[in-house]
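Chain by chain, the residues:
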Amino acid sequence: MKIDRLDLRILDSLQQDARISTTRLAEKIGLTPRPTADRMRRLRQHGVLRGYRTDIAVERLPPLVQLIVSVTLARHRAEDFQHFETNIARMSEVAACWAVGGDVDYMLHLVAASDARADAVLKQLIGMHLTIDHHRSGLVARSIKPYTGIPLQLLIAR
Amino acid sequence: MKLDKFDMKILEALQADGRMPATRLAEHVGLSSSPTWDRVRRLEEAGIVRGYHAAVAVEQLAPVTTIMVQVVLESHRARDFRRFQQAIEKIPQIVECWEVSGGTDYVMRFVVRSIEEYQQLIEHLLHANLGIERYWTYVVTKPVKPFTGLPLTTLLPQ
C-alpha cells in the first residue's frame, strides 16, 4: 500500500493517542472529518493500522510479576524451534517473545499473577529442553519507557 | 487501587479495542455511560491505564530492524539510573525500556532502519558518559509472539 504524508501523520497521531476524536484528528492534519475517516478506514483495511492498544501498567497491579527471560534451546534442529514456538504461543503468561541472533535464541517477556505462578511458568519452560541464561534474565522493576509506538517519521523515508 | 469486575471488563474491552466508543464500552460492561466513563478516568488517574496507541504494521511501509539490547551500568546510585533514563528518553528509536534486577540493569527494544543506524545510536550512548559498563546486542530475527495485550483473565482472577 502506498501512503502519503497525511496518512503518516494520521498514523502518528493515533499512535500518540488512539482515542482522539475524528474531528480533532482532522483539524490536526488539516483535513475535514470525512476524508480523515476514509483514510483511517483504508489504513485499517490494508492492515497498516492493525488496531488500537490500551497500555496497562503491570507495575500498578500488584502482585503481578514481570520477567524478561533469555533462553537457549538444547538443540537447534528446525523441529526444536518449531516445538518451542508452538508451546509458547499457547502459554498465556508469555506476553511477548522474540527470536534473536547472538548467544541466546529467544527473549521472552513473562507476566504472571504471583511469584509462585512465575516460578511455575519458568519450570514449565525448563521442561522444554532449554537453558535459561540467568545472567541475562531479570525481574522487571518497572517500565521506564513504556511502548507507545514507533518513530514513523524517522523510519519511513519520504 | 482495588479493581472490581466492572474495572476488569473495562480493561479487557479497551485492550481489545482502545478506540471503542464510550457508548459501546458502557454496553459491554453493563453499566450506563457516565459511571463507565468515571471508572475509565479513575483507571487513568491511578496510572493503570497509561494510554491508548494505534498499532502500526511498520514492516508493511518500510524495512525495519528490531534489536533487543541489555545494559549493565558501572555504578548503581540513584543519579546513575536517572542519567541513563534521561538519555534514552530522548532517543525515539528506543521504543521500549524496562528496568530489571538480576544480571542486567536495563532491557531496551530498538526499532531502526538499519544495523548502521543502531550502531550510531549505541556509540552515541557510549560516548555520552552514562556509565555503561557492558551491553549486549540481540538482533531480532523473528517476532515470534508480538505483544498484543496482557492475559487479564489469567492474571487478575476476580
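Residues numbered from 1 in each chain as written. Chains lettered and ligands numbered in written order. Predicted model: local features only at pLDDT ≥ 70, side-chain atom pairs only at ≥ 80, totals over all residues. Heavy atoms only, no water.

1. Thoughts on the overall build of chain B
Phase 1: A tally of regular secondary structure across chain B gives six helices and five strands.
Phase 2: For chain B, the N- to C-terminal ordering of α and β elements is α-α-α-β-β-α-β-β-α-β-α.
Phase 3: By the compact-globule yardstick of 15 Å for 158 residues, chain B is too spread out, its C-alpha radius of gyration being 20 Å.
Phase 4: Considered along the principal axes of its C-alpha atoms, chain B spans approximately 55 × 40 × 25 Å.
Phase 5: Looking at the 158 residues of chain B, the share that counts as buried comes to 52%.
Phase 6: Here the contacts in chain B between residues at least 6 apart in sequence split such that 63% fall between residues at least 24 apart.
Phase 7: Per element, the accessible surface of chain B, about 7,700 Å² overall, is 51% carbon and sulfur.
Phase 8: Looking at chain B, you have 19 positive and 19 negative side-chain charges, and the mean spots of the two groups are 3 Å apart. (Helix = DSSP H or I, 4+ residues; strand = E, 2+ residues; numbered from the N terminus. Rg over C-alpha atoms; globule rule 2.2 N^0.38 Å. Buried < 20%, exposed > 50% of the residue type's maximum accessible area, 1.4 Å probe, protein only. Contact = heavy atoms within 4.5 Å. Areas by Shrake-Rupley, 256 points an atom, 1.4 Å probe, with all protein chains shown as cover. Lys, Arg positive; Asp, Glu negative; His and termini not counted. Charge placed at Lys NZ, Arg CZ, Asp CG, Glu CD.)

2. What to know about the pattern of salt bridges
Phase 1: One pass over the structure, following the stated rule, counts 20 salt bridges over all chains.
Phase 2: Two residues, Asp80 of chain A and Arg77 of chain A, come together in a salt bridge whose shortest N-O distance is 2.9 Å.
Phase 3: Exposure remark for Arg77 of chain A: the relative accessible area of 36% places this residue in the partly exposed category.
Phase 4: Notably, a salt bridge pairs Asp17 of chain B with Arg24 of chain B, separated by 3.7 Å at the nearest N-O pair.
Phase 5: What makes Asp17 of chain B partly exposed here is its relative accessible area of 21%.
Phase 6: Note on Arg24 of chain B: relative accessible area 42%, which makes it partly exposed.
Phase 7: Overlapping salt bridges, with partners in common, bring together Asp4, Asp7, Arg39 and Arg42 of chain A in one network. (Salt bridge = Lys/Arg side-chain N within 4 Å of Asp/Glu carboxyl O.)

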